[in-house]
Each structure stands twice: as C-alpha cells, then as structure tokens.
Amino acid sequence: MELQSVDTRLQAVRARMAEFPKKTAEIEARVSGAKAELDAAKAAQLATVKDRKKYELDVEQHKDRVRKYKDQTSQVKTNEAYKALQHEVEMAEAEIAKAEDRLLEQMVNGEEYDRRIKASDKLLKEVEEVARGLRSKLDSEKSEAEKELAQLTEERARVAAEIPENMLDHYDRIMHKHDNIALAEVRDEKCGACGMRIRPHVMQEMRRSTSEEMFHCETCTRILYYGEPTAAASIAAAAPKSNIAGHDS
Ligand SMILES: [Zn+2]
C-alpha cells in the first residue's frame, strides 16, 4: 500500500510533466500570432507605399501628356486636328483624376495601416511581457516537478526494497497492466477499482486470512485489500486502510 501511494504520486507528477510541452507551445503560439499580426500590418503598409509611388508616377506621366498635347495645339492648322488634341487632353485629365483618387485612397489606407502597426506593436509587447511571466512560472513548475520526481523515485526504491522480489514483480505486472493501480480496496464486498462483486466464499477467506497470501479481483485481477484502518496505515496517506488479505494467485 505504501508502494501504491508512492506510485500514485509518481503518476501525478508524470502527468503534470507531460503537460509542459503543450503549455510551452501555447505560450509560443500566442507570441508568434501577435508577431504575424504586426508583420501583416507592416506588409500592407509597404504595399500601400508602393502603390502610392505608382499612382504618383501615373499622375506625372498624364500631366506630361497634357503639356505635350497643349503644346501641339498651338501648331495645328485644322479644326479637326484641334478637336482631336482637345479630346486627348480631356482623356489625360480624366486619367489624372482617376490616379489622384487612387492616390488619396492609398493615403487613407496608409493612415489606417499606421494605426494597425502601432496597435499590433503594442499588443505584441504586451503578449511578450505576459509570455515572459508564463515562461518563468513554467520553468519553476518544471524544476519543482523534476525535484518531486527525483524524490519519489528515491522513495519508491526505498519502499520497493522492503518488498519480497516475487511480490514486487507481481505488483509491477498488475500495475503496468492497469493504469498504475495494482491494488483495489474491497468495499461493500465489491472490488473498489472495477466494481465487480466478490464472491461470498472469497470474502469469507479474506476475512479469515491473516497470512501474507494475496487475493485478486476475478474481473480486473488487481490485488485486493480489505480491513479496518490500523496504526500501520499512517504510511499511506492516500489510502488509509491496511491488512492485505491474502490468497496466493
Ligand atoms: Zn476488480
């Protein structure tokens, strides 16, 4: 029972340790998510700047065209040629207006992306700050768990050394087969682990038995123990019942 108590605590520590990689991944995912948001805002801003340059260039080119057509206007001889140039000028001016609209749109977008960059940057800093705290908390939890694991491993070796080898082998086999729980307390004439009823004659034998024989649950094969709490039970805080009722398997 003392061994089972140690094993139960060992299992709890191992379960805690198994959670650490997931917790670390969650922290890092939050940080990289915030970084990705900032990167996206910066990329959008960069694209806006590029577009803005393109539209500025468009405006300049169309203005050049207008100047060129206006220069030509002074040299034309016919009314038709004059009209044709006039038409070209109007087209170029329409293009200028369009490019200027786009330019304005990109400038508004640029302001929006500036705000997004600032907000994302602020958020990233906050997330990083929280992550630093969580990482250091996790680190101390880790070292605490490792310390506990080392202590319990030592304790298990000490407890196991007091148990006859064949009995220990038997216990270990059942433990590994059944989720680290090799013992089951008899309660209301039922196996405390799987709940199956224990046959009356087995109950009788268990009650009578004072030796170190072992009884097993016929269904889950765990080692049954049965009895009143005794002074010896102080060893097992987790399961304060004693007297292994016995019957060899
Ligand atoms: Zn059982």
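Preceding this paragraph is the structure being described.
None of the values given here were measured: they were computed from a predicted structure.

*Asks:* What's the story with the overall build of the protein chain in this structure? I'm lost.
*Replies:* Along the backbone of the protein chain there are four helices and four strands. For the protein chain, the N- to C-terminal ordering of α and β elements is α-α-α-β-β-α-β-β. The 249 residues of the protein chain split such that 31% are buried. Looking at the protein chain alone, contacts between residues at least 24 apart form 68% of all its contacts between residues at least 6 apart. With an accessible surface of roughly 16200 Å², the protein chain has 53% of that area assigned to carbon and sulfur atoms.

*Asks:* Just checking my understanding: could you explain a nonpolar patch on the surface for this structure?
*Replies:* Taken together, the side chains of Leu 104, Met 107 and Val 108 define a hydrophobic patch exposed on the protein surface, amounting to about 280 Å² of accessible area. Relative to the helices and strands, Val 108 resides in helix α2 (residues 79-161).

*Asks:* Looking at this structure, I do not really get the coordination of the zinc ion. What am I missing?
*Replies:* The textbook angles at a metal center are 109.5 degrees for a tetrahedron of four donors and 90 or 180 degrees for an octahedron of six. Those donors, Cys 191 (SG), Cys 194 (SG), Cys 217 (SG) and Cys 220 (SG), are the protein atoms that reach the zinc ion, and they lie 2.2 to 2.3 Å from it. Given four donor atoms and angles of 101 to 118° at the metal, the environment of the zinc ion is assigned as tetrahedral. Binding-site remark: the zinc ion is held by donors from one chain whose sequence spacing is C-x2-C-x22-C-x2-C. With Cys 194 in the loop between β2 (190-191) and α4 (200-208) and Cys 220 in the loop between β3 (215-216) and β4 (223-225), the pair connects residues that are 26 residues apart, well separated along the chain. Taking relative accessible area as the criterion, Cys 194 reaches 32% and is therefore assigned partly exposed. Owing to a relative accessible area of 8%, Cys 220 belongs among the buried residues under this scheme.

*Asks:* Would you take a moment to explain the environment of Ile 163 for this structure?
*Replies:* Tracing the chain through its elements places Ile 163 in the loop between α2 and α3 (165-177). Given the relative accessible area of 25%, Ile 163 is considered partly exposed. Here the alpha-carbon distance between Ile 163 and Leu 3, two residues 160 residues apart in the chain, equals 9.1 Å. Discounting residues that sit within four places of it in the chain, Ile 163 has contacts with Leu 3 and Leu 168.

The rules we used
Residues numbered from 1 in each chain as written. Predicted model: local features only at pLDDT ≥ 70, side-chain atom pairs only at ≥ 80, totals over all residues. Heavy atoms only, no water. Helix = DSSP H or I, 4+ residues; strand = E, 2+ residues; numbered from the N terminus. Buried < 20%, exposed > 50% of the residue type's maximum accessible area, 1.4 Å probe, protein only. Contact = heavy atoms within 4.5 Å. Areas by Shrake-Rupley, 256 points an atom, 1.4 Å probe, with all protein chains shown as cover. Patch = residues over 30% accessible without salt bridge, like charges linked within 9 Å, V, L, I, M, F, W, Y side chains within 5 Å. Salt bridge = Lys/Arg side-chain N within 4 Å of Asp/Glu carboxyl O. Donors = N, O, S within 2.8 Å, 3.2 Å for Na, K, Ca; no water. Tetrahedral: all angles 85-135°; square planar, octahedral: opposite > 155°, others 65-115°.

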